Amino acid sequence: MDKLVIEGGHRLKGTIPISGSKNGSLAIMPATLLASGVYTLHNTPNLRDVWTMSRLLGSMGVHCDLNGDDLFIDSSNITSQEAPYELVKKMRASFYVLGPLLSRYGYAKVSLPGGCAWGPRPVDLHLKGLEKLGAKIELDNGYVIAKADRLHGARFHFDVSSVGATGNLLMAAVLAKGNTILTNAATEPEITALARMLVKMGAKIENIGTNQLEIEGVDELKPVDETTIPDRIEAATYLIAGAMTKGKIELTNTNPYHLSAIIAKLEETGCQIDVNSSNISLEMDQAPIPVDITTNIYPGIPTDIQAQWMSYMLCSENGSSKITETIYTDRFKHVPELARLGAQIEILDSTAIINGSSLKGATVMSSDLRASASLVLSALVASGKTEVLRVYHLDRGYQGIEMKLNAVGANIKRVKTDTI
Ligand code: UD1
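Presented here is an overview of the structure given in this document.

Parameters and conventions
Within any chain, residue numbers begin from 1 and follow the written order of that chain's sequence. Where totals are concerned, whole chains, interfaces and linings use all residues; where local detail is concerned, this predicted model gives features only for residues with pLDDT of at least 70, and gives and counts side-chain atom pairs only at 80 or more. Heavy atoms from the whole structure form the basis of all side-chain values; hydrogens and water molecules are not counted. Two strands qualify as a pair provided that DSSP identifies no fewer than 2 bridges between them. The helix and strand labels rest on DSSP assignments: H or I over at least four residues marks a helix, E over at least two residues marks a strand, and numbering proceeds from the N terminus. The angle between two axes is taken between their N-to-C directions and runs from 0 to 180 degrees, where each axis is a line fitted to C-alpha atoms and a helix contributes only its stretch in contact. To sort residues, take the accessible area from a 1.4 Å probe on protein chains only and compare it with the maximum for the residue type: under 20% means buried, over 50% means exposed, and anything in between is partly exposed. Near, as used in this document, describes a residue that has one of its heavy atoms within 4 Å of the molecule or strand being considered. Identification of polar contacts relies on pairs of N or O atoms within 3.5 Å, with a donor-acceptor requirement for protein atoms, meaning one able to donate a hydrogen and the other able to accept it, and with residues adjacent in sequence counted only if both atoms are side-chain atoms. The method behind every accessible area is Shrake-Rupley, applied with a 1.4 Å probe, and residues are considered shielded solely by the protein chains displayed. Under the scheme applied, nonpolar residues are Ala, Val, Leu, Ile, Met, Phe, Trp, Tyr, Cys and Pro; charged residues are Asp, Glu, Lys and Arg; polar residues are all the others, including Gly. Should any heavy atoms of two residues lie within 4.5 Å, those residues are counted as being in contact. In these notes the angle categories are as follows: under 35 degrees is roughly parallel, over 145 is roughly antiparallel, 65 to 115 is roughly perpendicular, and the rest is oblique.

### Re the sheet that holds strand β12 (residues 204–206)
Reading across from one edge, β10-β11-β13-β12 is the order of the four strands in this open sheet, with mixed pairing throughout. The open sheet has two edge strands, β10 (155–157) and β12, and neither has a second partner. For this sheet, the mean angle separating the axes of adjacent strands, direction not counted, is 15 degrees. Both β10 and strand β11 (residues 179–183) contribute to a ladder of three bridges, which runs parallel.

Structure follows, in structure tokens:
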């Protein structure tokens, strides 16, 4: 297992290319189950989660081959409609295969994903929505077994806006008979991108990008080539890294529009930011002004950037700031690890109060993907050396993180270790 050894105190300066979106890829890869044939997904990130999805699709007879950032997928010979626990437990997004398998084959057996590092993450909305489209669902031995002769259109309202459930229902509804209306649907860019790909494949979807999606089912779809959208969470993480180190960085191959909320908050902290169509440049020459954030569904501040923002606020020298987490109210696993670096953070229910702290290198443990990113960011400004253990969490979602950061002035070594 690898660890990262990070020497703090280096200012970041230079250009960082942003990879394709992890969550975007994980949403569009399962869409290839909807129509037999050959697809090329350009701008696919080379990440552990993409490998896991490729293995999962592979276990169903779908051939996936990542060459550079082109992912070739051949779904001509699907042999199974089952997603085993061994793969689903590694990555919750595996649950995305349920909707497309069920709508195309009338049958799917998919393991329940279980909890995750920051608490329970239910799938009730996925199942309720599929039932509304006519699926018969049984739970057996940890598996969801879903059956339907052919799904039919329906109206479905999401009690809570859910990215995964919206993606699943969208992929189910495009081949259902009749019209479906999804209200309070997720408007995250990854779902909008999925809807656009489905339309390219021949689906009929109206109001894309809004929270009311209207789908007219079709009998058949066709394979397409598609380009994955840029990773907005990776981009936000590097913007924060630039700001924390009082650096001057430029991100390329990004979509500034997807980052509007975080850019506005960074500006409030004192950063100078310029954007053009696909680049964002940031310069910071002071400790950040403390700024409160509340995580929210898109276009609000994503929960996936909460931990990194916490690291950023530790750098403020003047007062404290608050983070309120509204999506996963107990997503604070990173706090005790940040405390090992000297962070002073108090948690009151779903709010964290962050006091400016002077950080000192230590050995810390990654607990989940974004928590790991917050540890790396803190290590960039901590005095001395920090060792971040269990970086396989990071490798799920950040392509070549140490290479990208070292290229702009960080000092990070990846070390193989047998111990943890
Ligand atoms: C996706 C992202 C994840 C991000 C999250 C929130 C992917 C692969 N993952 O996860 O990185 O942190 O969106 O932006 O895209 N909920 C229910 N019942 C359900 C489903 C969800 O109550 O059936 C709740 C969840 O507990 C949570 C909220 O809805 O409070 C949002 O979760 P959801 O949008 O579904 O997250 P994921 O799709 O799992």
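### A few points about the environment of Leu 348
Position of Leu 348 relative to the elements: it lies in strand β20 (residues 344–348). The exposure class assigned to Leu 348 is partly exposed, which follows from its relative accessible area of 48%. Taking the C-alpha atoms as reference points, Leu 348 and His 42, separated by 306 residues in sequence, lie 43 Å from one another.

### So, the site of the ligand
The immediate surroundings of the ligand are formed by 19 residues, with Asp 124, Ser 162, Val 163, Asp 304 and Ile 327 found nearest. Taking Gly 164, its main chain carries an N or O atom lying 2.7 Å from an oxygen atom of the ligand. Summarising the interface, the protein chains cover 85% of the accessible area of the ligand, which totals 740 Å² for the free molecule. Secondary-structure elements contributing two or more residues to the shell around the ligand are α5 (124–132) and α6 (163–173). When grouped by side-chain class, the residues that make up the shell around the ligand number eight nonpolar, six polar and five charged.

### With respect to the side chain of His 393
Mapped onto the secondary structure, His 393 falls in helix α13 (residues 392–395). Judged by relative accessible area, His 393 falls into the buried class, the value being 12%. Apart from the residues lying within four places of it in its own chain, the contact partners of His 393 are Ser 366, Ser 367, Asp 368, Leu 369 and Ser 372.

### Regarding the packing of α6 against helix α7 (residues 189–200)
Two numbers describe how α6 lies on α7: the axes approach to 10 Å, and their chain directions differ by 10 degrees. One way to sum up the angle between α6 and α7 is to call them roughly parallel. Here Val 163, Thr 166, Gly 167, Leu 170 and Met 171 of α6 come into contact with α7, specifically with Ile 191, Leu 194, Ala 195 and Leu 198. When its residues are assigned to classes, the contact of α6 with α7 shows seven nonpolar, two polar and no charged.

### Things to note about the sheet that holds strand β2 (residues 13–17)
Working definition: the strands of a sheet are paired by backbone hydrogen bonds and lie parallel or antiparallel to each other. Strand order in the open sheet made by the four strands is β2-β15-β17-β16, with mixed pairing throughout. A single partner strand is all that each edge strand has here, and the edge strands are β2 and β16 (272–275). Sheet twist, expressed as the mean angle between neighbouring strand axes with direction ignored, is 15 degrees. Note that strand β15 (residues 248–252) and strand β17 (residues 280–283) share four bridges and pair antiparallel. Note on β17: the bridge partner recorded for Leu 251 is Ile 280. Contacts from helix α8 (residues 232–244) reach β2, β15 and β17, with the element oriented near 170 degrees to β15.

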